[in-house]
Amino acid sequence: MTSRPRIRIGVIGFGWMGQAHTRSYLRIPTLFPERSYDPELVMISDASAERIEQAVESFGFPHGSLDWNDVIANDDIDVVCICAPNMLHEPIAVAAAEAGKHVFCEKPVGGVPAQTVRIEAASRAAGVTTGVGYNYRWAPMVQYAKQLIEAGELGEITNYRGRFFSMYGADPMGLLSWRFMLGEAGHGVSTDILSHSVDLAHMLVGGIERVVGTGHTFIPERPLPKPGGTHYDRGEPGDPTGAVENEDYFGAMVVFDSGARGVFESSRSIVGPESQCAFEVYGTKGSLKWNLETMNELQLFLSSDAARGYTTVYAGDRYPYHGHFVPGDANAIGYEDLKVIEDFEFLSSVAADRQHQPGFAEAIDYVSVQDALLRSWESEKWETVSRLAPR
Ligand SMILES: NC(=O)c1ccc[n+]([C@@H]2O[C@H](COP(=O)([O-])OP(=O)(O)OC[C@H]3O[C@@H](n4cnc5c(N)ncnc54)[C@H](O)[C@@H]3O)[C@@H](O)[C@H]2O)c1
């Protein structure tokens, strides 16, 4: 029997993401036999006693605490995985890094750019390995798109279209969860789902030099939340309401460092699209399109085979990571499988004692663009992207 060093993990926040990461840690040994470590669940923290109970009873954490400081103070923890609301990322991530723990933080790593800057500075000073939850990078068809672009199959990239259209705030009866509040989420979609779109563009096309953009809040009031609910829960007409404090929509035009042009749109209150994290990449010799709603497919057009038009490429075990989950062609994988790949890769970086990508340096890449976008919304002019921390 192979004996592997253990990587001991504490998870903070046991909602959607905390549970998804925990399931990933449990699945890594069954899916990645080549791993050089074994993940071990050590401690869970959540503000809700019921969620701690669920984590202990059903997921196998031996300990839980209502106070996240107990995770930081625990000497038997190597990695802290932060899945609490955005504005809590800073105190937790800074304390974890200062305690010498490796830190995985869900995107966007802080609710406003200044927080991301402070988190990245603290983790760089501490010399710990960092990771960020830009999980769409890991989809096999997105990895294949990256390979095609890097191999020059699309020629020189001329323009890029990125969007993240989500329905989660489309119903005006959707509750005023933490995501709609400045003090808990920070900014709206520019902090939340737009970060995924721009991160994918950074990975596929490279840095962004200048931007012009604008935001808007379409649904200014929502029913007040109920304890223990999720951000998919609904209120009833006549329920007491409160004000939405951040933007529902952000749209932007950009110029990449390469000279390529791009457009981005994100909305959380759109009717029709359900979880459309999507991109189109156009080059001088071809183009490709990907959409999370059909994440096991890539649309590919190559001018060398123009008569065929766009071709649908189905994900299968000949593409990166896919065969870890299912063998053969066109047997689909799902959303949480991307989290497993993400956690496998992050823990592999921890085990190898190397910096990880995407880590907090890549979180800075995004918030530097976000900072320019927010300035542009205010000035109504093009703004230059200045990197908010040294590389
Ligand atoms: N990568 C992705 O695709 C993705 C998807 C969803 C959310 N996220 C990110 O993950 C993070 C969490 O989002 P979620 O959807 O899981 O939210 P959620 O509301 O489902 O869960 C948040 C959890 O944090 C807990 N919490 C609140 N205050 C706490 C405290 N002081 N100490 C410990 N726990 C506390 C809440 O009780 C809740 O269980 C956010 O930063 C969000 O942006 C990323």
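Residues numbered from 1 in each chain as written. Predicted model: local features only at pLDDT ≥ 70, side-chain atom pairs only at ≥ 80, totals over all residues. Heavy atoms only, no water.

### Considering the site of the ligand
So, point 1. Not every one of the 27 residues close to the ligand is listed here, only the nearest: Asp-46, Arg-51, Asn-86, Asn-135 and Tyr-335.
So, point 2. Within the side chain of Glu-106, a nitrogen or oxygen atom sits 3.0 Å from a nitrogen atom of the ligand.
So, point 3. Coverage of the ligand by the protein amounts to 87% of the 840 Å² it exposes when considered alone.
So, point 4. Contributions of two or more residues to the shell around the ligand are made by helix H1 (16-31) and helix H9 (335-351).
So, point 5. Per-class residue counts for the shell around the ligand are 13 nonpolar, 8 polar and 6 charged.
So, point 6. Three or more residues apiece are contributed to the shell around the ligand by two domains, here domain 1 (6-135) and domain 2 (140-294 + 296-333). (Near = heavy atom within 4 Å. Polar contact = N/O pair within 3.5 Å; in protein donor to acceptor, adjacent residues only side chain to side chain. Areas by Shrake-Rupley, 256 points an atom, 1.4 Å probe, with all protein chains shown as cover. Helix = DSSP H or I, 4+ residues; strand = E, 2+ residues; numbered from the N terminus. Nonpolar A, V, L, I, M, F, W, Y, C, P; charged D, E, K, R; others polar. Domains from an automatic or database assignment.)

### As for empty space enclosed by the protein
So, point 1. Applying the stated rule across the entire model yields 1 cavity of 30 Å³ or more.
So, point 2. In this structure, the largest cavity spans a volume of roughly 40 Å³.
So, point 3. Around the largest cavity sit Asn-86, Tyr-168, Arg-179, Ala-185, His-187, Gly-188, Thr-191, Asp-192 and Arg-268, which together line it. (1 Å grid on protein atoms, 1.4 Å probe; cavity = no way out; pocket = protein on both sides within 12 Å on 5 of 7 lines; lining within 4 Å. Points joined across faces, edges and corners; volume = space filled by probe spheres on them.)

### Quick word on the environment of Gly-316
So, point 1. Mapped onto the elements of the fold, Gly-316 is located in the loop between strand E16 (311-314) and H9.
So, point 2. Its relative accessible area of 0% is what places Gly-316 among the buried residues. (Buried < 20%, exposed > 50% of the residue type's maximum accessible area, 1.4 Å probe, protein only.)

### Description of the pattern of salt bridges
So, point 1. Evaluation of the coordinates by the stated rule reveals 26 salt bridges.
So, point 2. Here Asp-192 makes a salt bridge to Lys-107, at a shortest N to O gap of 2.5 Å. Linking Asp-192 in the loop between helix H7 (182-185) and helix H8 (193-205) with Lys-107 in the loop between strand E5 (102-105) and helix H5 (113-126), this pair joins segments that are 85 residues apart in sequence. The exposure classification of Asp-192 matches that of Lys-107, with both residues buried.
So, point 3. Residue Arg-375 pairs with Glu-383 through a salt bridge whose shortest N-O separation is 3.2 Å.
So, point 4. A relative accessible area of 29% means that Arg-375 is categorised as partly exposed.
So, point 5. Overlapping salt bridges, with partners in common, bring together Glu-362, Asp-365, Arg-387 and Arg-391 in one network. (Salt bridge = Lys/Arg side-chain N within 4 Å of Asp/Glu carboxyl O.)

### Overview of the sheet that holds E16
So, point 1. Strand order in the open sheet made by the 9 strands is E16-E15-E14-E13-E7-E12-E11-E8-E17, with mixed pairing throughout. The sheet terminates laterally at E16 and strand E17 (383-384), the two strands that pair on one side only.
So, point 2. The pairing of strand E14 (residues 286-291) with strand E15 (residues 297-302) spans 4 bridges and is antiparallel. Residue Lys-289 lies in a different strand from E15, and its bridge partner there is Gln-299.
So, point 3. Across the face of the sheet, H8 comes into contact with strand E7 (157-166), strand E8 (208-216), strand E11 (249-256), strand E12 (261-267) and strand E13 (275-283) while running at roughly 155° to E7.
So, point 4. Its contacts with the sheet place helix H10 (residues 360-379) against E8, E11 and E17, and it is angled at close to 55° to E8. (Pairing = 2+ DSSP bridges. Contact = heavy atoms within 4.5 Å. Axes fitted to C-alpha atoms, helices over the stretch in contact; angles between N-to-C directions.)

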